[in-house]
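Examination of the molecular architecture
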Amino acid sequence: MAFIGIDLGTTNSLACVYQKGEMILIPNQLGKYQTPSVVSYTENGLVVGEAAKSNLILSPDQTAASFKTFMGTNKIYNLGGETYLPEELSALVIKQIVADAETFLQEPVTEAIISVPAYFNDAQRCATKLAAQLAGVHVERLINEPSAAALYYQMTYGKKDGCIMVIDFGGGTLDVSVVECFENIIEIIGIAGDNHLGGNDVDHEIAQFFCRQNGISLENLSNEERAILYKQAEKAKIMLSANEIATMVLVAQNKEYRLILTNKLMTEICNDLFQRIKKIINQAVKNCSRRPAIDNVVLVGGSGKLTALQKYLSDLFGRQVYAAPEPEKAIALGLGVYAGIKLRDEQMQDIVMTDVCPFSLGVGARHSTQDQTVYMETMIIRSSMLPCAKEKIFYTLYDGQTALNFKIYQGEQYYVENNLELGEITVSVVPDKAGNQWAKVTFMYDINGILYVSVQSCTGEIKEKEIVNEKLHLTQEELEKSKEKMTNMIENQLNLDENELIQKFVYLYQFAAPFEKSQIGFAVSNLQNAYFSGSPILRKKTYENMRELLKELEYHISQEFDFKDLLYQEDLSWDEEE
Ligand code: ADP
Ligand code: MG
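Details of the pattern of salt bridges
It is possible for side chains of opposite charge to pair when their charged atoms get near one another. In total, this model carries 14 salt bridges according to the counting rule given. Of the charged contacts in the structure, one is a salt bridge between aspartate 315 and lysine 311, with a shortest N-O distance of 2.9 Å. One end of the pair is aspartate 315 and the other is lysine 311, both in helix α9 (residues 307-317) and 4 residues apart, which spans about a single turn. Assessed through its relative accessible area of 46%, aspartate 315 is described here as partly exposed.

Here's the deal with the sheet that holds strand β24 (residues 420-428)
Backbone-to-backbone hydrogen bonds join strands into a sheet, with any given pair of strands oriented parallel or antiparallel. Spatially, the 4 strands line up as an open sheet ordered β21-β20-β23-β24, and their pairing is antiparallel. What marks the edges here is a single partner per strand, and that holds for β21 (375-380) and β24. With strand direction ignored, the average angle separating the axes of adjacent strands in the sheet is 30 degrees. Sheet analysis places strand β20 (residues 361-365) next to β21, joined by 5 bridges and oriented antiparallel. Each bridged residue has a counterpart across the sheet, and for valine 363 the counterpart in β21 is glutamate 377.

Thoughts on the site of ligand 1
By nearness alone, 17 residues border ligand 1, and Thr11, Asn12, Glu234, Lys237 and Ser241 come closest of all. A distance of 2.7 Å separates an oxygen atom of ligand 1 from a polar side-chain atom of lysine 237. In isolation ligand 1 has 580 Å² of accessible area, and contact with the protein removes 89% of it. With 3 residues, helix α6 (residues 223-239) is the largest single contributor of residues to the shell around ligand 1. Among the residues making up the shell around ligand 1, the classes are represented as 2 nonpolar, 12 polar and 3 charged.

Some remarks on the state of the cysteines
As enumerated under the stated definition, the model contains 0 disulfides in all. Looking at cysteine 163, it has no disulfide partner, and the nearest cysteine sulfur is the one in cysteine 288, 7.0 Å off. Note on cysteine 163: relative accessible area 4%, which makes it buried. Not engaged in a disulfide, the cysteine cysteine 181 finds its nearest cysteine sulfur in cysteine 163; these two sulfurs lie 7.8 Å apart.

Focus: the packing of helix α13 (residues 514-533) against helix α14 (residues 536-558)
Across the interface, α13 lies against α14 with an axial gap of 9 Å and an inter-helix angle of 160 degrees. By the criterion of interaxial angle, the relationship of α13 to α14 is roughly antiparallel. Note that α13 runs across α14; the crossing there is left-handed. Contacts between α13 and α14 involve Glu516, Gln519, Ile520, Phe522, Ala523, Asn526, Leu527, Ala530, Tyr531 and Ser533 on the former and, on the latter, Leu538, Arg539, Thr542, Tyr543, Met546, Leu549, Leu553, His556 and Ile557.

Observations regarding unusual backbone geometry
Phi is positive for lysine 20, close to 50 degrees, though the residue is something other than glycine. A positive phi is found at serine 66, a non-glycine position, where the angle reads about 55 degrees. Here serine 66 shows up in the loop between β7 (63-65) and β8 (77-79).

Some points on helix α10 (residues 330-342)
The end-to-end C-alpha distance of α10 is 18 Å, a good match for the 18 Å that 13 residues give at a rise of 1.5 Å each. What α10 keeps buried is the set Ala330, Ile331, Ala332, Leu333, Gly334, Leu335, Gly336, Val337, Tyr338, Ala339, Gly340 and Ile341.

Comments concerning the sheet that holds strand β27 (residues 462-467)
Strand order in the open sheet formed by 4 strands is β22-β25-β26-β27, with antiparallel pairing between adjacent strands. Looking at which strands have only one partner, the edges of the open sheet turn out to be β22 (388-395) and β27. If you compare each strand with its neighbour and ignore which way they point, the axes differ by 15 degrees on average. When strand β25 (residues 438-445) meets strand β26 (residues 451-457), the two strands line up antiparallel, connected through 7 bridges. Across the sheet, residue phenylalanine 443 finds its bridge partner in β26, namely valine 453.

Conventions we followed
Residues numbered from 1 in each chain as written. Chains lettered and ligands numbered in written order. Predicted model: local features only at pLDDT ≥ 70, side-chain atom pairs only at ≥ 80, totals over all residues. Heavy atoms only, no water. Salt bridge = Lys/Arg side-chain N within 4 Å of Asp/Glu carboxyl O. Helix = DSSP H or I, 4+ residues; strand = E, 2+ residues; numbered from the N terminus. Buried < 20%, exposed > 50% of the residue type's maximum accessible area, 1.4 Å probe, protein only. Pairing = 2+ DSSP bridges. Axes fitted to C-alpha atoms, helices over the stretch in contact; angles between N-to-C directions. Near = heavy atom within 4 Å. Polar contact = N/O pair within 3.5 Å; in protein donor to acceptor, adjacent residues only side chain to side chain. Areas by Shrake-Rupley, 256 points an atom, 1.4 Å probe, with all protein chains shown as cover. Nonpolar A, V, L, I, M, F, W, Y, C, P; charged D, E, K, R; others polar. Disulfide = S-S within 2.5 Å. Parallel < 35°, antiparallel > 145°, perpendicular 65-115°, else oblique. Left-handed = near helix turned anticlockwise from the far one by under 90°. Contact = heavy atoms within 4.5 Å. Expected span 1.5 Å × (residues − 1).

Next comes the structure, spelled out in structure tokens:
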């Protein structure tokens, strides 16, 4: 009975096993290590992998790809008259991987570890476990992708303590993580990412450049011609990691178009994408629970092979960044290392892997009786190490108040309306003067992503709630809707000057570091209180002061790190044994 690691990727999935002191990648029926995470309906039924991928062009309506992006949501896919949820499609991929592994290993696979992005919330993690269950495999543990990458690098380049930045650039996603490795503990101390930035975008930029150079427009091409152009773009891109030039040819409307690509040209073509990558890296460092001193930058994911990107990042950091020869396999191999640890192989010491809370968690609160807006009083700040617990005391606002009500939220926005509500707890208090009665709120967030909230009122009443398996994720649509609501709400209440200033603060809130968040909270409540006081002098003074604070904060928050400062400029640790 075998135990395997599965890198369940957005674009490609891989499996690895640990045998006789070695990590062994498992080939599929076609002898390839990567199986496209694509499912398609054909005359003969459902197909998975390479066969399904070719249907992306031939029958796009009957083919599903990139469903990992929607794990934990209710997105429905229609294939062959049946409906499928993302976890059901993932289950089909896992089934295929397991079947191939059983053929290769000649024994049944009963247990697996599966990697997930570090930012995956509880709903997404549960959906991943469910997918494995549907495929008939028990999941021993979910491993964060950057932790797996770090394990692989530690293993491959001699076990040394240090801090690495893992840049995982795949087909459709970018994940940047700062990972600290210290005496068998692997801790992710900061993450940031973009779910819509990957190798596909590189292909798109190349295709657009091709059209511009040839004086044609993407929109005027037929669906088939466009599909061929994108394929050509990807082929040329891949060619450029081993060659200096690559040629693209497209026959469209009976004419032949050509383009010669070089890595130098790629640097220009991808400039906007690289700028976006730089922003995410910057954000990842900002999100760190402590200021990191990074020893090495490690590129993983298929798009990590992009020569132009490697050069761009090396220039940015002032030193060669490390790209594995086969970065698309790094996570699967890291899972192999973990499988070795699990099997208590003598060569491997036990390694503890810690996780961070990917979102801030808090309760809705109000500053004063006049001010009806409910803001987010954050209890557990994003990137806190798990498990963690926090408590805070809240007081009554009104004379004679008989209860304290706490709504629980997840998100980075200042107004709770724009965050995701997770639940609610109410405790009773005895009627008294405002501020005399109180309740203590405790948040506990554990390693499995389960949030326990307990509220104890000063009368001794205790209520508890366990929040598990909720949809802890805001979609783009929900975000847009929230933004709209936010503007309406503010305009109804304040005059334009204060309104504008508050909006700017609120906007900054999502990018702010923890201490800046409390400064922003202070600023917004000051502006609101001044407005409600009705005193023109107080309003003017507050307005001026807060405008100063805003300028300062804007300066600090928009400040970019000097990347060269982040990285030790001497080549230390891992690449020594290259
Ligand atoms: P995911 O983690 O999203 O499943 P992968 O890590 O397998 O994805 O990366 C897939 C992406 O890598 C695709 O966009 C593919 O075009 C790109 N890719 C593969 N090989 C190369 C290469 N040699 N140069 C540049 N990009 C590559
Ligand atoms: Mg991946």
